[in-house]
Amino acid sequence: MPELTKASQHLLKALCKEYRHRKKLLSDDFDCRIFCSPQQICDSLLNEIALSDIEAACFELKREGYISALETEGSLSEIILSDAAIHYGETAFSRACQRVLQTMAGLRNLLP
């Protein structure tokens, strides 16, 4: 899948973190994946980010297949994390390690 904007990556990481938290409390995987709306996400998970930015990130995540959602009157509701989103959250640590190793390799190439 194409590279996401930093805002969408931040939102996706927050949604995956909440999903993992819910998995500890609930037995039904599908219930853990459901988020009501961008407003609910803003209020409960990312209140430091403007609602309009969360909505834009949600539309990007939907377009890229990380979430499914109902679209009504220019807004989204019944946001559901996809398997691709869960995989993204599960592999976040390994991607971060790869970036560090790539940076170190690039620095090594600069040495005489």
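Structural data are supplied above this passage.
Residues numbered from 1 in each chain as written. Predicted model: local features only at pLDDT ≥ 70, side-chain atom pairs only at ≥ 80, totals over all residues. Heavy atoms only, no water.

1. Quick word on helix α4 (residues 51-63)
The condition that has to hold: Helix and strand definitions here come from DSSP, where helices need a minimum of 4 consecutive H or I residues and strands a minimum of 2 consecutive E residues; each element is numbered from the N-terminal end. Helix span, expected: 1.5 Å multiplied by one less than the number of residues in the helix. Classification of residues uses two cut-offs on accessible area relative to the type maximum, computed with a 1.4 Å probe and protein chains only: under 20% is buried, over 50% is exposed, and between them is partly exposed. When we speak of the arc, we mean the arc of directions from the helix axis to the C-beta atoms. Throughout, a contact is declared for two residues whenever any of their heavy atoms are within 4.5 Å.
Taking 1.5 Å as the rise per residue, α4 with 13 residues should run 18 Å; its terminal C-alpha atoms sit 18 Å apart, in good agreement. Here α4 has its buried residues at Ile54, Ala57, Cys58, Glu60 and Leu61. On an axial view of α4, the arc spanned by its buried residues comes to 160 degrees, and they lie on one face. Buried-residue contacts for α4 involve α1 (6-25), α3 (38-44), β2 (67-72) and β3 (75-81). Following α4 by one or two positions, Gly65 adopts a phi angle in the positive range, close to 90 degrees.

2. Some words on α1
With 20 residues, α1 extends 29 Å from end C-alpha to end C-alpha; this agrees with the ideal 28 Å at 1.5 Å per step. When we look at burial in α1, the residues that qualify are Ser8, Gln9, Leu11, Leu12, Ala14, Leu15, Cys16, Tyr19 and Arg22. Those residues of α1 hidden inside the fold are in contact with α2 (29-33), β1 (34-35), α3, α4, β3 and α5 (83-90).

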